[in-house]
Amino acid sequence: MPPLRILGVDIDRTFGGRHGHFTVDQHELEHPKTQRAFQWVYWILLAEVAVGVAAVTTAVVLQVGGSEVPFAAWFRGVVVLLMTLTLFFFAWRARHGYYWGYQRLRLFSQIFPVVTLVVATVPGLYPYWMVVEQIVFAVLMIGVADVLTNDHMRVAFASPKRRAELRAEPEGDTPDDFQQNPS
């Protein structure tokens, strides 16, 4: 897949930095475990979007019904929904083999639950329904992180440095590959 350009801007280089154009091997992308992992990620992210839409909808219904919805709940609901949609972009680039997309998706799926759960513990910051939403959000994000950090996915999306190291290692385990240590 060619690099993504929007209005002349190389999006992969912008988001991915020096590894913006590094892609994993095609056979790794086509592997059934990789395909299954991305199917799970997409389903979990869809559930995340549903949770985000439910949170914003709840805020709207409560506000229209005369209840006061704190600014923090509005802000969190809208921002988290937009961030979740951004994760779809990362997943889309990763599914097309871009290492940076996988790395960003994995990083955010590991950081977001921690931040979400810590913020949820601040007394009085959010209404009870928003705290429940945050816990559900965090659990789903942990699911994404779990899928992305399994052994197969870490090998399939090895960093450029690690991939070079793996290719430089000898293929077979023959006695000539090992040196005897007399000690």
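Below, the structure is looked at part by part. Sequence positions are assigned chain by chain, starting from 1 and proceeding in written order. This being a predicted model, a pLDDT of at least 70 is required before a residue's local features are given, and a value of 80 or more before pairs of side-chain atoms are given or counted; all residues contribute to the totals for chains, interfaces and linings. Heavy atoms throughout the structure, all of them, feed into the side-chain values; hydrogens and water do not.

1. Observations regarding the overall build of the protein chain
Where helices and strands are cited, they refer to DSSP runs of H or I of at least four residues and of E of at least two residues respectively, numbered from the N terminus. When you go through the protein chain residue by residue, the secondary structure sums to 8 helices and 2 strands. When the elements of the protein chain are put in sequence order from the N terminus, they spell out β-β-α-α-α-α-α-α-α-α. To sort residues, take the accessible area from a 1.4 Å probe on protein chains only and compare it with the maximum for the residue type: under 20% means buried, over 50% means exposed, and anything in between is partly exposed. Sorting the 183 residues of the protein chain into buried and exposed places 36% on the buried side. Expressed as a percentage of contacts within the protein chain between residues at least 6 apart in sequence, the contacts between residues at least 24 apart total 74%. If you sum the accessible surface of the protein chain, you get close to 10900 Å²; carbon and sulfur atoms cover 65% of it. Note on definitions: a residue-residue contact is assigned when non-hydrogen atoms from the two residues lie within 4.5 Å. Accessible surface area values rest on a Shrake-Rupley calculation with a 1.4 Å probe, where residue burial reflects the displayed protein chains alone.

2. Brief notes about helix α5 (residues 99–120)
A helix is expected to span 1.5 Å for every residue after the first. With 22 residues, α5 extends 32 Å between its outermost C-alpha atoms, agreeing within 8% with the 32 Å of an ideal straight helix rising 1.5 Å per residue. Along α5, the residues classified as buried are Tyr99, Trp100, Gly101, Tyr102, Leu105, Ser109, Phe112, Pro113, Thr116 and Ala120.

3. Some details on the pattern of salt bridges
The salt bridge criterion pairs a side-chain nitrogen of Lys or Arg with a carboxyl oxygen of Asp or Glu, the two atoms within 4 Å. Throughout the structure, instances matching the rule amount to 2 salt bridges. Where arginine 76 meets glutamate 133, a salt bridge forms, and the shortest distance between an N and an O atom there is 2.9 Å. With arginine 76 in helix α4 (residues 71–95) and glutamate 133 in helix α6 (residues 128–148), the pair connects residues that are 57 residues apart, well separated along the chain. Glutamate 133 shares its class with arginine 76; the two are buried. Here arginine 154 makes a salt bridge to aspartate 151, at a shortest N to O gap of 2.9 Å. Separated by 3 residues within a single helix, arginine 154 and aspartate 151 lie in helix α7 (residues 151–156), roughly one turn from each other. The partly exposed category is assigned to arginine 154, whose relative accessible area is 41%.

4. Points about a nonpolar patch on the surface
Together, Val78, Leu82 and Leu85 line one region of the surface with nonpolar side chains, adding up to about 250 Å² of accessible area. Here leucine 85 is to be found in helix α4. Overall, the relative accessible area of 43% leaves leucine 85 in the partly exposed class. Nonpolar side chains (Val, Leu, Ile, Met, Phe, Trp, Tyr) are joined into patches within 5 Å and like charges within 9 Å, using only residues with over 30% relative accessible area and no salt bridge.

5. A short note on the packing of aromatic side chains
Whether two aromatic rings pair depends on their centres lying within 6.5 Å, for rings of Phe, Tyr and Trp, where Trp uses its six-membered ring; planes under 30 degrees apart make the pair stacked, over 60 edge-to-face, and the rest tilted. Applying the stated criterion across every chain yields a total of 10 aromatic pairs. Ring centres 5.9 Å apart and planes at 80° place the aromatic pair phenylalanine 38 and phenylalanine 157 in the edge-to-face group. One end of the pair, phenylalanine 38, is in helix α3 (residues 32–64); the other, phenylalanine 157, is in the loop between α7 and α8 (160–168), with 119 residues separating them in the sequence. Like phenylalanine 157, phenylalanine 38 is buried. For the ring pair phenylalanine 108 and phenylalanine 112, a centre distance of 5.3 Å and an interplane angle of 25° mean the geometry is stacked. Of the two residues, phenylalanine 108 and phenylalanine 112 both sit in helix α5, 4 residues apart, roughly one turn of that helix. The exposure class assigned to phenylalanine 108 is partly exposed, which follows from its relative accessible area of 26%. Its relative accessible area of 14% is what places phenylalanine 112 among the buried residues. An aromatic cluster is present here, built from Phe89, Phe90, Trp92, Trp100, Phe108 and Phe112 joined pairwise through their rings. Over the ring of phenylalanine 137 we find arginine 76, and its NZ or CZ is 5.3 Å from the ring centre. Both a distance and an angle decide whether a charge sits over a ring: NZ of Lys or CZ of Arg must be within 6 Å of the ring centre and within 35 degrees of the ring normal. A cation sits over an aromatic face here: arginine 93 above tryptophan 92, 4.7 Å from the ring centre.

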